[in-house]
Amino acid sequence: MKKLNVAVVGATGMVGRTFLKVLEEENLPVENYYLFASARSAGSKVQFMGKEYTIEELTESSFDRGIDIALFSAGGSISEKFAPIAASKGCVVVDNSSAWRNDPTLPLVVPEVNPNDIRGYGIIANPNCSTIQSIIPLKALDDKYGLTRVVYT
């Protein structure tokens, strides 16, 4: 299996740090990790996968090095600007912001529910945190009983 080059955009934020924790727990076949954040965080150090990483500033040229997958959690405006740049370089972007959730041309994916919907896209969106946690049990209920409507209160 080919080892991947993986980037985390927003690596110093709360969600970015959680991405790093999960990546460390999963120990995926990764060749290189690239950790990006704002100019304010650039140069700071992070302990990850038994190594010290230096946070890089996210720029238009950050994806010029063969990054296969980028996990974005740096806010909608950052995703709107940099996700298309990353995708244009052949990188698959998994975006955690609200930037692409309502774009009808891109898949809205919950891996446990519709993993096959990711094929062929450069940018993949996911539902917000309060929605995504209910989708998995709702999918199970829909599979067993069929759902026509869900009302949250």
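Predicted, not measured: the structure shown is a model, and the values here were computed from it. (Residues numbered from 1 in each chain as written. Predicted model: local features only at pLDDT ≥ 70, side-chain atom pairs only at ≥ 80, totals over all residues. Heavy atoms only, no water.)

Draft legend 1. Focus on the overall build of the chain. The secondary structure content of the chain amounts to 3 helices and 8 strands. When the helices and strands of the chain are listed from N to C terminus, the series reads β-α-β-β-β-β-β-α-β-β-α. Here the C-alpha radius of gyration of the chain, 16 Å, is about what a compact globule of 153 residues would show, namely 15 Å. Reported as C-alpha extents along the three principal axes, the dimensions of the chain are approximately 50 × 35 × 30 Å. Looking at the chain as a whole, 34% of its 153 residues are labelled buried. For the chain, long-range pairs separated by at least 24 residues make up 49% of all intrachain contacts whose partners lie at least 6 apart in sequence. Looking at the chain as shown, the accessible area adds up to about 9,200 Å², and 53% of this sits on carbon and sulfur atoms. (Helix = DSSP H or I, 4+ residues; strand = E, 2+ residues; numbered from the N terminus. Rg over C-alpha atoms; globule rule 2.2 N^0.38 Å. Buried < 20%, exposed > 50% of the residue type's maximum accessible area, 1.4 Å probe, protein only. Contact = heavy atoms within 4.5 Å. Areas by Shrake-Rupley, 256 points an atom, 1.4 Å probe, with all protein chains shown as cover.)

Draft legend 2. Spatial organisation of a nonpolar patch on the surface. Nonpolar side chains collect at one region of the surface, where L141, Y145, L147, V150 and Y152 lie side by side and expose about 520 Å² of accessible area between them. Here L141 lies in helix 3 (residues 129-145). In this structure L141 comes out as partly exposed when scored by relative accessible area, which is 39%. (Patch = residues over 30% accessible without salt bridge, like charges linked within 9 Å, V, L, I, M, F, W, Y side chains within 5 Å. Salt bridge = Lys/Arg side-chain N within 4 Å of Asp/Glu carboxyl O.)

Draft legend 3. Geometry of the packing of aromatic side chains. What the rule picks out here adds up to 4 aromatic pairs. Relative to F63, the ring of F36 has its centre 5.7 Å away and its plane inclined at 55°; by these criteria the two rings are tilted. One end of the pair, F36, is in strand 2 (residues 30-37); the other, F63, is in the loop between strand 5 (56-57) and strand 6 (69-72), with 27 residues separating them in the sequence. Here F36 and F63 have matching classes, each one buried. Their ring planes at 15° and their centres at 6.1 Å tell us that F63 and F72 sit as a pair that is stacked. Both residues of the pair, F63 and F72, count as buried. (Phe/Tyr/Trp six-rings, centres within 6.5 Å; stacked < 30°, edge-to-face > 60°.)

Draft legend 4. Seen up close, the environment of G50. Inspection of the secondary structure puts G50 in the loop between strand 3 (45-48) and strand 4 (51-54). For G50, a relative accessible area of 74% translates into the label exposed. For the pair G50 and R101, spaced 51 residues apart in the sequence, the C-alpha separation amounts to 35 Å.

Draft legend 5. Looking closely at unusual backbone geometry. In the Ramachandran plot, N27 falls in the positive-phi region, its phi being about 50° despite a non-glycine side chain. By secondary structure assignment, the location of N27 is in the loop between helix 1 (14-26) and strand 2. Judged by its relative accessible area of 54%, N27 falls in the exposed class.

Draft legend 6. How the structure looks around the sheet that holds strand 2. If you trace the 6 strands from one edge of the open sheet to the other, you get 5-2-1-6-7-8, paired in parallel fashion. Where the open sheet ends on each side, the last strands, each with one partner, are strand 5 and strand 8 (123-125). Pairing geometry for strand 1 (residues 4-9) and strand 2, over 6 bridges, is parallel. Looking across to strand 2, one finds that V6 is bridged to Y33. Strands in contact with helix 1 are strand 1, strand 2 and strand 6; relative to strand 1, the strand with the most contacts, it is inclined by about 150°. (Pairing = 2+ DSSP bridges. Axes fitted to C-alpha atoms, helices over the stretch in contact; angles between N-to-C directions.)

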